[in-house]
Amino acid sequence: METGTVIEAPQLPSFYPPQRILLGPGPSNVLQRVLDAMARPTIGHLDPRFGEMMEQVKVLLRYAFQTENSLTFPISAPASVGMESCFVNLVEPGDKVIVCANGVFGRRMAENVKRCRGELVLVEDAWGKPVDPQKVEDACLAHPDARILAFVHAETSTGVQSDVKLLTEIAHRHEALVIVDAVTSLGSTPVLVDKWGIDAVYAGSQKGLSCTPGLSPISFGERAIEKLKSRKTPVSSWFMDLNLVLAYWNQGRRTYHHTAPVNALYALHESLLMLAEEGLEASWMRHRSNHLALLAGLQALGLELLVEEQSRLPQLNAVLVPAGVSETQVRDDMLNLHDVEIGAGLGDLAGKIFRVGLMGNGSSRTNVNTCLLALESVLAAQGWKISPGAAVAAAEQVWASTGRMAGEAG
Ligand SMILES: *Cc1c(COP(=O)(O)O)cnc(C)c1O
């Protein structure tokens, strides 16, 4: 071996992240119980014991999605790949697809349709408004040959919830399938896949499930599988081709497809166990009660939400930045002085809103109070008139009326 031919090894320390309270648009805080699960020994991904755990993950995901769909499993990648998997498997070149866009993620769906060489019909709504069912009905009437309707349930960029049940009914009346983005809704607000008749849905591990980022649970119903099986062209992506992935995820005849992220799946298993232990309905109620408490506190600070009451997401609060307040200074101070991360506005809403996420474990009474106290302090530093303690007092009043323990996980 010649000396001096190797590039010198970098001399760097281990990475120790700071402790943060994650109240942005995701990821949400991961409990130690889930991190501990992740630290268990790595075993082979074709080990029968690992296969048993994978089967349990599928059972737990069916509970979370409220479905009996056998094609329900986590894709080994972030939720963006869950989104892409739905489009790449279900959209063939030339297929007409109606996409509803009322924020960042709807626009991303539209981009996916174009890249699958589908024919895009875009139905747009203002950022901060839900998808308008009348516009969808009109688009379906104008395009009776549309095969798919795609929309976002919980638009994380704006804090808006759209009516999945109604939009799915419209699509089915016009013989189109639906693809639903449930990344920010799963675990935090009802996602009733079977009851609502959703054909294909994807979610993420790091928002309402409070697991580490990097996994994307998906579920396909019978009509979606039929569409996939009747394709005339092969799926253009090898990794995402569900025909191939399925052979890997099906117990009994598992064969190598890709190496599953073994330890990340332990974490997902644990976080889904926690959701099942608390119960979906208890989790939805906790999110709602903490949202109402946060809102009361924000109003006591003189702040208002972007979204009208009937379409607000309890897990993602878009707070209007008041005149005379520096948006970046607020977020910087929250993070640097209080270790609280909140999100900025994106695209059309950049500089106009803060996004306060109360997702999964992050939706707790402690976090609401911590957030309100920190906001009170950083706004006061900018000369905003505040009566000290009023925000937390207002929040506490809400919990007093919704039940003392409503804010806490079971
Ligand atoms: C976060 C998010 C995504 C993308 O998830 P990643 O894990 O970041 O890829 C997609 N859709 C919505 C609605 C989201 O909030």
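Our structure is the block above this text.
Everything numeric in this text was worked out from a predicted model, so none of it was measured.

1. Details of the environment of Glu-55
Right, so step 1: Summarising the element assignment, Glu-55 is placed in helix α2 (residues 48-65).
Right, so step 2: Classification of Glu-55 as partly exposed rests on a relative accessible area of 24%.
Right, so step 3: Taking the C-alpha atoms as reference points, Glu-55 and Phe-73, separated by 18 residues in sequence, lie 9.0 Å from one another.

2. What about the pattern of salt bridges?
Right, so step 1: Counted according to the given criterion, the structure contains 21 salt bridges.
Right, so step 2: In this structure, the salt-bridge partner of Arg-49 is Glu-52, at a minimum N-O distance of 3.4 Å. Of the two residues, Arg-49 and Glu-52 both sit in helix α2, three residues apart, roughly one turn of that helix.
Right, so step 3: Among the residues examined, Arg-49 registers a relative accessible area of 59% and is labelled exposed.
Right, so step 4: The class for Glu-52 is partly exposed, based on a relative accessible area of 41%.
Right, so step 5: Within this structure, Arg-33, Arg-40, Glu-270 and Glu-277 form a network of salt bridges that share partners.

3. Points about the site of the ligand
Right, so step 1: By nearness alone, every residue bordering the ligand is listed as Pro-78, Ala-79, Ser-80, Phe-105, Val-152, Ala-154, Thr-156, Asp-181, Val-183, Thr-184, Gln-206 and Lys-207.
Right, so step 2: Within the side chain of Ser-80, one N or O atom sits 2.5 Å away from an oxygen atom of the ligand.
Right, so step 3: Take Asp-181: an N or O atom from its side chain is 2.7 Å from a nitrogen atom of the ligand.
Right, so step 4: The protein chains hide 88% of the 380 Å² of surface that the ligand would expose on its own.
Right, so step 5: Looking at the shell around the ligand, its residues break down into six nonpolar, four polar and two charged.

4. Some points on the state of the cysteines
Right, so step 1: Under the defined criterion, the tally for this structure stands at zero disulfides.
Right, so step 2: Cys-86 takes part in no disulfide bond, and the closest cysteine sulfur to it belongs to Cys-116, at a distance of 11 Å.
Right, so step 3: On the accessibility criterion, Cys-86 (0% relative accessible area) is buried.

5. Structural notes on the sheet that holds strand β5 (residues 148-152)
Right, so step 1: Taken together, seven strands build an open sheet; the order of strands is β2-β10-β9-β8-β5-β3-β4 and the sheet is mixed. The two strands at the open ends of the sheet, each matched to only one other strand, are β2 (71-75) and β4 (119-124). Direction aside, neighbouring strands of the sheet carry axes that sit 15° apart on average.
Right, so step 2: As judged from the five bridges shared by β2 and strand β10 (residues 216-220), these two strands associate in the antiparallel manner. Looking at β10, one finds that Pro-74 is bridged to Pro-217.

6. Some thoughts on the nonpolar core
Right, so step 1: Grouped together as the largest cluster of nonpolar side chains are 95 residues, with contacts concentrated most on Phe-87, Met-109, Leu-149, Ile-179 and Phe-220.
Right, so step 2: No fewer than three residues from each of domain 1 (32-276) and domain 2 (279-407) sit in this core.
Right, so step 3: Setting aside residues no more than four positions away along its own chain, Leu-149 makes contact with Ile-98, Cys-100, Val-136, Leu-167, Ala-171, Ala-176, Leu-177, Val-178 and Ile-179.
Right, so step 4: Leu-303, Val-319, Val-398 and Trp-399 belong to the second largest nonpolar core, which has 32 residues in total.

7. Re the pairing of strand β14 (residues 353-357)
Right, so step 1: Within β14, five of the five residues are buried, which leaves the element mostly enclosed by the surrounding structure.
Right, so step 2: The two faces of β14 match: Ile-353, Arg-355 and Gly-357 on one face and Phe-354 and Val-356 on the other face are all buried.
Right, so step 3: Relative to β14, strand β11 (residues 316-320) runs antiparallel, the two sharing five bridges. The residue bridging Leu-320 from the neighbouring strand is Ile-353, located in β14.
Right, so step 4: Of the pairings in the sheet, the one linking strand β13 (residues 343-344) to β14 comprises two bridges and is antiparallel in character. Looking across to β14, one finds that Gly-343 is bridged to Arg-355.

Basis of the calculations
Residues numbered from 1 in each chain as written. Predicted model: local features only at pLDDT ≥ 70, side-chain atom pairs only at ≥ 80, totals over all residues. Heavy atoms only, no water. Helix = DSSP H or I, 4+ residues; strand = E, 2+ residues; numbered from the N terminus. Buried < 20%, exposed > 50% of the residue type's maximum accessible area, 1.4 Å probe, protein only. Salt bridge = Lys/Arg side-chain N within 4 Å of Asp/Glu carboxyl O. Near = heavy atom within 4 Å. Polar contact = N/O pair within 3.5 Å; in protein donor to acceptor, adjacent residues only side chain to side chain. Areas by Shrake-Rupley, 256 points an atom, 1.4 Å probe, with all protein chains shown as cover. Nonpolar A, V, L, I, M, F, W, Y, C, P; charged D, E, K, R; others polar. Disulfide = S-S within 2.5 Å. Pairing = 2+ DSSP bridges. Axes fitted to C-alpha atoms, helices over the stretch in contact; angles between N-to-C directions. Core = buried A, V, L, I, M, F, W, Y, C linked by side-chain atoms within 4.5 Å. Domains from an automatic or database assignment. Contact = heavy atoms within 4.5 Å.

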